[in-house]
Amino acid sequence: MADPISEHLSREVTSDIQVLLRDLKKTIKTLTLYPDDNPLPTKMRATFGARFVEVVDEFNGFVFSIRPNEIVYGREVVYKDQDKDDALASIFYNTGIIYLEFRVGLSLEEFNTFLNILKTFIKDHSNELDLVSLMWQEQFTSIKFKTVDDLALGDCETDITIREMYPDYDNDSNSGITVDYNHVILEEESDDASSLGTSTVSPQAVEDGKKIGLSLGSIPDEPQSPIEQLLSGSFTPADEEQHEIARLLKEARQFDPDRSAAQVMIEILDFWDDRKAFAEAAAICEKIFDQLLTKGAFAVAADFVHILRSRQKSLVASKPVNAERLADSIRRAGDDRHISMLTNIINRQGVVDTASIEIYLDSLGWESLVHISGMLGQLVSKKARLMVCDYLAKRGRDHINIIANGLRDKRWYVIRNTVMILGHIGGEQVLPYLASASDHTDYRVRKEIIRALSKNKAQGVIEPLFNFLKDPEPKLRATSLNHLARIGGREAFESIHNIVHSPTFAGYPIEEQEQLLVVYSRLGGSEVTDFLDSIVGSFSLFNSGWKARYRFMALKALAYNTSGEAEDLILKYTRSRRGWLRQAATNALEQRRKFMHQKERESR
């Protein structure tokens, strides 16, 4: 049997991409409407760009097929041009681009260049600019595209024609396609209001009614109250009576039969002194509670629990046996059976009311946390899972051991959600649990652990972050190194120092050696300048390739060193008689001054 959570996760990927493309169109539109010095497009570009790059990395890149008025991801249409103002697919398709790919490693700088190209192309009214040429000139490394001409020239090693790939290529009716936004946005929406209406009485019922003197026609789905039936006739009340009728109508609309039934049962509990009768009344209360839960009246069920708890506390001194019976009923409200019942009800709902569900969960005791944690592996709705994560992060601070049980689950998404919760809780107490899952086989779990560690301000976070420098995934190694550089401090510096001066340093890829030296220089200041100088100045008669690379890396590391000694060293090498070294030092000096200017701006 297929795992419903895994199936839903795949649908969530499509939904997330739909939202991302919708926001991409909004960003492009904002950039073209506002001048460059306006703070709105600047802020929007930075916020959306960072999210876009993160999502590309999260989903290991995107590959889109561009059709007339449509963008396709996999086999799903993830964007449809609704009109001229919402045209995103047409921007690419009308210029001949039919394939667009965003690869892992996409940088914010490259994505901003991509946005600038689109802005320049859209704002040009001379019809002289060509989007394909503008994109080709940039020589993107992580953004790839193909055009109709590419296929025509045989770049794709297939015999597929454009007409075969896009059956609607010549169909002008595509321009009138409308968007079903229920399939575009991430959040669950309510049913279309057009589905609500009246139900027509059958002809046979009309005939049967005539035989007994009734006239039957269309009747509303919900019966009218007696007062409303009276007003629908020919009777016209006096002015003073109309105010009273309006009051009665308001009371009728506000009447809640569920709350009324719960209140009646509480009054019955207060009536009985006999233990046996009280126990029977409590059992009836539990049945009514189950009915409230089954109906989805979660807020009313929560009120019921709160009232029972209040009555239980008031009986502890005078009637301890009755108080214990109510305590048992309160515990049952959050036991495994009721939480499973709650989960199944949520999974059957078309629209999930997370607010009322959270109100219900808040009415339960801490003993229910273990059962509520189990919901993470059963809930289909992403919205509901995130609500449970937030709830456990707020209520689980004093019960970390219960929350951490989710790390033993075999399902990666349960473990990732548990890590997310521990990350929100934070503090030194969660570090051992995060470290215990750091060798999980799933990349997404390890990435979430690094994110949780990076937000943790407690002492001792350096060691688990440092261990990720040995992760098999290069992207995670680089991320953990960046977080170590941001955290700083003596402990972070010494951890990088041990790597740089160890025999294993030579085994790291060239790019990571350079990153390690840069972070080492940033954290070490004047303490490391002599070491970097020894690398740059280690001349030999035969300047081998690997030695030259180390010299370039050391100069670049000096560019990110804030000490005065670092600038003096770079200046010294700008006067070198060796042309290549002089040029490299000049570049490093320019980079250092940009870096120092940025640091000054951040400190203001």
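To be clear, the structure that these remarks concern was listed above.
Just so we're clear, the structure is a prediction, and the values are computed from it rather than from any experiment. (Residues numbered from 1 in each chain as written. Predicted model: local features only at pLDDT ≥ 70, side-chain atom pairs only at ≥ 80, totals over all residues. Heavy atoms only, no water.)

**Student:** Hey, could you go over the pairing of strand β1 (residues 62-67) for me, with residue numbers and the actual values?
**Tutor:** Of the two faces of β1, the one holding F62, F64 and I66 is buried and the one holding V63, S65 and R67 is not buried anywhere. With four bridges connecting them, β1 and strand β4 (residues 97-102) associate as antiparallel partners. Counted as the bridge partner of F62 is F102 from β4. As judged from the four bridges shared by β1 and strand β2 (residues 70-73), these two strands associate in the antiparallel manner. Bridging from a neighbouring strand, R67 pairs with E70 of β2. (Buried < 20%, exposed > 50% of the residue type's maximum accessible area, 1.4 Å probe, protein only. Helix = DSSP H or I, 4+ residues; strand = E, 2+ residues; numbered from the N terminus. Pairing = 2+ DSSP bridges.)

**Student:** Tell me what's going on with the pattern of salt bridges, and back it up with residues and numbers.
**Tutor:** Under the defined criterion, the tally for this structure stands at 29 salt bridges. D328 serves as the salt-bridge partner of R331, at 3.8 Å between the closest nitrogen and oxygen. With a gap of three residues between them, R331 and D328 both fall in helix α14 (residues 320-332), about one helical turn apart. Judged by relative accessible area, which is 24%, D328 ranks as partly exposed. Taking the shortest distance from any N to any O, the salt bridge between D471 and R446 comes out at 2.7 Å. Of this pair, D471 sits in the loop between α23 (462-467) and α24 (474-487) while R446 sits in helix α22 (residues 443-455), and the two are 25 residues apart along the sequence. On the basis of relative accessibility, which here comes to 8%, the residue R446 falls in the buried class. Among the charged side chains, a network of salt bridges with common partners joins E286, E324, R325, D328, R331 and R332. (Salt bridge = Lys/Arg side-chain N within 4 Å of Asp/Glu carboxyl O.)

**Student:** Residues and numbers for the sheet that holds strand β3 (residues 76-80), please.
**Tutor:** If you trace the five strands from one edge of the open sheet to the other, you get β3-β2-β1-β4-β5, paired in antiparallel fashion. The open sheet has two edge strands, β3 and β5 (143-147), and neither has a second partner. Each strand of the sheet is rotated relative to its neighbour by a mean of 25°, with strand direction disregarded. Relative to β3, β2 is paired through four bridges, and the arrangement is antiparallel. (Axes fitted to C-alpha atoms, helices over the stretch in contact; angles between N-to-C directions.)

**Student:** Any chance you could break down the environment of A282 for me, citing the residues and the numbers?
**Tutor:** Summarising the element assignment, A282 is placed in helix α12 (residues 275-295). When the C-alpha atoms of A282 and S329 are compared, they prove to be 7.4 Å apart, with 47 residues separating the residues in sequence.

**Student:** Account for the pairing of β2, naming residues and giving values.
**Tutor:** Between β1 and β2, which follow one another and run antiparallel, lie two residues, and N69 among them has a positive phi close to 70°. Hairpin connection of β2 to β3: two residues between the antiparallel strands, including G74 at a positive phi of 65°.

**Student:** Before we move on, can you summarise the packing of aromatic side chains with the specific residues and values?
**Tutor:** Throughout the structure, instances matching the rule amount to 19 aromatic pairs. Geometrically, the ring pair formed by F52 and F62 is edge-to-face, given 6.5 Å between the ring centres and 80° between the ring planes. Of this pair, F52 sits in helix α2 (residues 39-58) while F62 sits in strand β1, placing them 10 residues apart in sequence. The exposure classification of F52 matches that of F62, with both residues buried. Look at F64 and F102: their rings are 6.4 Å apart centre to centre, the planes differ by 70°, and that puts the pair in the edge-to-face class. On the criterion of sequence distance, the pair formed by F64 in strand β1 and F102 in strand β4 is long-range, its members being 38 residues apart. A cation sits over an aromatic face here: K146 above Y99, 5.5 Å from the ring centre. The ring of W412 is capped by R444, whose NZ or CZ atom sits 3.7 Å from the centre of that ring. (Phe/Tyr/Trp six-rings, centres within 6.5 Å; stacked < 30°, edge-to-face > 60°. Lys NZ or Arg CZ within 6 Å of the ring centre and 35° of its normal.)

Everything listed here is a matter of coordinates, which is why it stays silent on function.
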